[in-house]
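Residue-level structural notes
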Amino acid sequence: MKAFTRSGVVLTAAALSLSLAACSASNEEPAGDSSSESTAGAMTELSGNLQGAGASSQESAMDAWRAGFQSLNPDVTVGYDPVGSGGGIEQFLAGAVPFAGSDGLLDESEYATAVERCDGDGGAYHLPMYISPVAVIFNLEGIGSINMDAETIANVFDGKITKWDDEAIASQNEGVELPSTNITVVYRSDSSGTSDNFTDYLEQASNGAWPYEATKEFATAADQSVGADGTSAVVDTVTSTDGAIGYADASRAGDLGTVALKVGEEYVPYSAEAAANIIAASGLSDTANGENDLAYAIDRTTTDSSAYPLTLVSYHIVCSQYDDETERALVTEFEKYVASADGQAAASEAAGSAPLPSDLSAHVESILDEIAAG
């Protein structure tokens, strides 16, 4: 049989002889400790080429997921194009890839398009796979951390505050020698779920200081501003520009300075633990596509100082139904590995993300079992 391509999956003759029952630990010898869950995602004859695209925030985690899954399934190759959330959704809805990574949610028209794109009439689901704080990053020599409330951050990013020693910043940072350096705002120029999360935080938490709606396309009135395409470009631009400020997945902050956000009466630096706490306090979006669509509405206005409100939940967007047996197996087995304890630990080690809570991980895997059953 000649290989052919469908929705980013290269199928081979061997892949058509899947033995799904072989997934369980009961009929397969696990590597190493018999108590290990590392057999998640392992199959005896799974093969092919699985391609995804989307959020660049997931890139480090995705590298770890790909390596882990491919070690369990040596005849599978997983590729991922970190083109940004908007680009990943566009490729997914066009049928070019069978899953997308996204830091933002599908809008109403994209949900409708997903019904046409996916097999059956169930449309698409958001499956949370990556929980990470978004860091407000800056470049000021000798300063590693400063405090800001959401209103100040909004005014900085919209160009209303243009100097680092402005009283609005200085008053929250007693004892810090802030320079009179001009502020250069660095933002994502591509359609970005990170921008969507950042502007959602500014819209919800800044007491009206942010004049725009939350969106994947960042807007600013700042005269001294630079757009950068993708997370790496934002980080590189901030790193090379004295006085620059930007925002990026915290795993990419590196040696740059970062902002501690005012939450209640305290200033909270980013951490994986604080990011996980904001998820526990948030519910699902009222636009979710049924009970299997785990699209969260993050509460950015919390006063609980154990939580970090500028947190993104990055999703893998999948179809609720894949009629092609091999495509369905490749997608669901890969995603079950990503959601597993081993997959989440790999992402945490590679990217500093917060592992999914165990009950959420189990819920995701149960949804994938339903999709796998066809």
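So, how was this worked out
Residues numbered from 1 in each chain as written. Predicted model: local features only at pLDDT ≥ 70, side-chain atom pairs only at ≥ 80, totals over all residues. Heavy atoms only, no water. Helix = DSSP H or I, 4+ residues; strand = E, 2+ residues; numbered from the N terminus. Buried < 20%, exposed > 50% of the residue type's maximum accessible area, 1.4 Å probe, protein only. Areas by Shrake-Rupley, 256 points an atom, 1.4 Å probe, with all protein chains shown as cover. 1 Å grid on protein atoms, 1.4 Å probe; cavity = no way out; pocket = protein on both sides within 12 Å on 5 of 7 lines; lining within 4 Å. Points joined across faces, edges and corners; volume = space filled by probe spheres on them. Salt bridge = Lys/Arg side-chain N within 4 Å of Asp/Glu carboxyl O. Contact = heavy atoms within 4.5 Å. Phe/Tyr/Trp six-rings, centres within 6.5 Å; stacked < 30°, edge-to-face > 60°. Core = buried A, V, L, I, M, F, W, Y, C linked by side-chain atoms within 4.5 Å. Arc of directions from axis to C-beta. Axes fitted to C-alpha atoms, helices over the stretch in contact; angles between N-to-C directions. Parallel < 35°, antiparallel > 145°, perpendicular 65-115°, else oblique. Left-handed = near helix turned anticlockwise from the far one by under 90°. Nonpolar A, V, L, I, M, F, W, Y, C, P; charged D, E, K, R; others polar.

Secondary structure summary: the protein contains eleven helices and 15 strands in total. Counting over 374 residues, the protein shows a buried share of 53%. For the protein, the accessible surface area stands at approximately 14700 Å², while carbon and sulfur atoms represent 45% of it.

Following the sequence through the fold, Ser-271 ends up in the loop between β12 (266–268) and α8 (272–280). Taking the relative accessible area as the measure of exposure, Ser-271 reaches 24% and is therefore partly exposed. Expressed as a C-alpha distance, the spacing of Ser-271 and Gly-352, which sit 81 residues apart in the sequence, is 8.5 Å.

What follows deals with the layout of surface pockets. A probe matching the size of a water molecule, rolled over the atoms, marks out where space remains unfilled. Considered as a void within the structure, the largest pocket measures approximately 550 Å³ in volume. Along the wall of the largest pocket there are 25 residues; nearest its centre are Gly-104, Leu-105, Leu-106, Asp-196 and Tyr-296. Of all elements in the fold, only α3 (108–117), α6 (193–205), β14 (296–297) and β15 (311–319) reach the threshold of two or more residues within the lining of the largest pocket. Ranked by residue count, the leading element in the lining of the largest pocket is α6, at four residues.

Here the focus is the pattern of salt bridges. For the structure shown, the criterion picks out seven salt bridges. In this structure, Lys-336 engages Asp-369 in a salt bridge whose closest nitrogen and oxygen atoms are separated by 3.0 Å. Linking Lys-336 in helix α9 (residues 325–339) with Asp-369 in helix α11 (residues 358–372), this pair joins segments that are 33 residues apart in sequence. Exposure remark for Asp-369: the relative accessible area of 41% places this residue in the partly exposed category. The network of salt bridges with shared partners includes Glu-333, Lys-336 and Asp-369.

Let us look at unusual backbone geometry. With a phi angle near 55°, Asn-207 is a residue other than glycine that sits in the positive phi range. The topology assignment puts Asn-207 in the loop between α6 and β9 (225–228). Taking relative accessible area as the criterion, Asn-207 reaches 71% and is therefore assigned exposed.

So, about the environment of Ala-253. Within the secondary structure layout, Ala-253 lies in the loop between β10 (244–249) and β11 (257–263). By relative accessible area, which is 2% here, Ala-253 ends up buried. Here the alpha-carbon distance between Ala-253 and Thr-239, two residues 14 residues apart in the chain, equals 9.6 Å. Apart from residues lying up to four places away in sequence, Ala-253 is in contact with Ala-135, Ile-137, Thr-258 and Tyr-270.

Further remarks concern the packing of aromatic side chains. The final tally for this structure, using the stated rule, is 13 aromatic pairs. Ring centres of Phe-69 and Tyr-337 lie 6.2 Å apart, and the angle between their planes is 45°; on these two criteria the pair is classed as tilted. Pair noted here: Phe-69 is in helix α1 (residues 59–72) and Tyr-337 is in helix α9, with a separation of 268 residues, a long-range link. Residue classification places Phe-69 among the buried residues on the basis of a relative accessible area of 0%. When the centroid spacing of 5.8 Å and the interplanar angle of 40° are considered together, the rings of Phe-99 and Phe-334 count as tilted.

Our focus in this paragraph is the nonpolar core. In terms of nonpolar packing, the biggest core is built from 95 residues, with Trp-65, Phe-157 and Ile-245 touching the most fellow members. Sort the elements by how many residues they give to this core and strand β6 (residues 124–138) lands first, with nine residues. Each residue touching Trp-65, except ones within four places of it in the same chain, is listed here: Gln-58, Met-129, Tyr-130, His-316, Phe-334, Tyr-337, Val-338, Gly-343, Gln-344 and Ala-347. Grouped together as the second largest cluster of nonpolar side chains are twelve residues, Ala-228, Val-234, Ala-244 and Ala-253 included.

So, on to helix α10 (residues 341–351). Three or more residues of α10 are buried, namely Gly-343, Gln-344, Ala-347 and Ala-351. The buried residues of α10 all sit within an arc of 95° when viewed along its axis, so they share a single face. Where α10 is buried, its residues contact α1, β6 and α9. Phi turns positive, to about 70°, at Gly-352, one or two residues after α10.

Moving on to the side chain of Ser-361. Here Ser-361 lies in helix α11. For Ser-361, a relative accessible area of 9% corresponds to the buried category. Leaving out residues up to four positions away in the same chain, Ser-361 has contacts with Ala-339, Ser-340 and Leu-356.

Where helix α2 (residues 85–93) contacts α3, the axes come no closer than 9 Å and their chain directions differ by 35°. Residue-level inspection shows Ile-89, Phe-92 and Leu-93 of α2 in contact with α3, the latter providing Glu-110, Thr-113, Ala-114 and Arg-117.

Put simply, α1 and α10 touch, their axes get as near as 8 Å, and they point 135° apart. The angle between α1 and α10 places the two elements in the oblique class. As α1 runs across α10, the sense of the crossing is right-handed. Contacts between α1 and α10 involve Ser-60, Ala-61, Ala-64 and Trp-65 from the former and Gly-343, Gln-344, Ala-346, Ala-347, Ala-350 and Ala-351 from the latter. By residue class, the composition of the contact of α1 with α10 is seven nonpolar, three polar and no charged.

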